[in-house]
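# Structure assessment
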Amino acid sequence: MKNLLYILVLALFIYSCSSTKNRDFNKKEITANANDTVRIANDSLEYEIIVIEPGFNLFINSIAKPRGYHSQSYLENKNIFLVQEYNSRVNQPFNYNPNLYIQAINYDNFVDYGYEVNYMLYNYFVFFSREYNQRFSVPTRI
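Residues numbered from 1 in each chain as written. Predicted model: local features only at pLDDT ≥ 70, side-chain atom pairs only at ≥ 80, totals over all residues. Heavy atoms only, no water.

The next subject is the overall build of the protein. Secondary structure summary: the protein contains 4 helices and 2 strands in total. Helices and strands appear in the protein in the N-to-C order α-β-β-α-α-α. Out of the 142 residues in the protein, the part that is buried amounts to 32%. Residue pairs in contact within the protein that sit at least 24 positions apart in sequence constitute 59% of those at least 6 positions apart. (Helix = DSSP H or I, 4+ residues; strand = E, 2+ residues; numbered from the N terminus. Buried < 20%, exposed > 50% of the residue type's maximum accessible area, 1.4 Å probe, protein only. Contact = heavy atoms within 4.5 Å.)

Listed below in structure tokens is the structure:
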């Protein structure tokens, strides 16, 4: 009888810990979706970038180099190599964390996406490398 009481208390303790984690996770997810969503779209070229990442807006507004600091050709050249390496990591889930590299980025080298898209994409890679301590073969610097 005494062992049954200990088992019951232990089971209740484990259950209460797991339900607390789930509630905190859901709150964090809601705030991340509400405050840290960046959407860039151009209907004439039919492309869209949506970044849902906690802290990305803060990074763009406070840490990233201002718009115009790098030229569009500089950003395009960096993005070509960064997207290729990122997409290769998406295709290697056993070598790289599949929770970080979820979906491939569709970036065509021959399409002129404009300055804003290239700026945001490059700064996403800078943010991603800093936030998750990831190293790419092409340096991402502030």
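Of all residues in the protein, 66% attain a pLDDT of 70 or more, and the chain-wide mean is 77. Mean pLDDT in the protein bottoms out at helix H1 (residues 2-35), which sits at 46, and peaks at helix H3 (residues 72-90), which reaches 95. Scored below 50 in pLDDT, residues 18-34 makes 5 contacts in the model with residues more than four places away or belonging to other chains. (pLDDT = per-residue confidence, 0-100.)

Moving on, we get to the nonpolar core. Phe56, Tyr101, Phe125 and Phe128 are the most contacted members of the largest nonpolar core, which has 28 residues in total. If you list the elements that add at least two residues to this core, you get strand E2 (47-52), helix H2 (56-63), H3 and helix H4 (115-131). The element contributing the most residues to this core is H4, with 10 residues. Non-local contacts of Tyr101, meaning those with residues more than four positions away in its chain, are made with Tyr86, Arg89, Val90, Tyr96, Phe128, Gln134 and Phe136. (Core = buried A, V, L, I, M, F, W, Y, C linked by side-chain atoms within 4.5 Å.)

The next thing to look at is the packing of H3 against H4. At a minimum axis separation of 9 Å, H3 and H4 run at an interaxial angle of 50 degrees. The orientation of H3 relative to H4 falls into the category oblique. Judged by the twist between their axes, the crossing of H3 over H4 is left-handed. Judged by residue contacts, Gln72, Tyr74, Leu75, Glu76, Lys78, Asn79, Leu82, Val83 and Tyr86 of H3 engage Tyr115, Asn118, Tyr119, Leu121, Tyr122, Phe125 and Phe128 from H4. Here the residues of the contact of H3 with H4 sort into 11 nonpolar, 3 polar and 2 charged. (Axes fitted to C-alpha atoms, helices over the stretch in contact; angles between N-to-C directions. Parallel < 35°, antiparallel > 145°, perpendicular 65-115°, else oblique. Left-handed = near helix turned anticlockwise from the far one by under 90°. Nonpolar A, V, L, I, M, F, W, Y, C, P; charged D, E, K, R; others polar.)

The next point concerns the packing of aromatic side chains. The description of an aromatic ring pair rests on the distance of the ring centres and on the angle between the ring planes. This model, assessed by the stated rule, comprises 16 aromatic pairs. Ring plane angle 55 degrees and centroid distance 5.1 Å describe the contact between Tyr86 and Tyr101, whose orientation is recorded as tilted. One end of the pair, Tyr86, is in helix H3; the other, Tyr101, is in the loop between H3 and H4, with 15 residues separating them in the sequence. Both residues of the pair, Tyr86 and Tyr101, count as buried. For the ring pair Tyr101 and Phe128, a centre distance of 5.3 Å and an interplane angle of 70 degrees mean the geometry is edge-to-face. Placement of the pair is Tyr101 in the loop between H3 and H4 and Phe128 in helix H4, with a sequence separation of 27 residues. Per residue, the accessibility class of Tyr101 equals that of Phe128, and both read buried. Through a chain of ring-to-ring contacts, the aromatic side chains of Phe56, Phe59, Tyr86, Tyr96, Tyr101, Tyr124, Phe125, Phe127, Phe128, Tyr132 and Phe136 assemble into a single cluster. (Phe/Tyr/Trp six-rings, centres within 6.5 Å; stacked < 30°, edge-to-face > 60°.)

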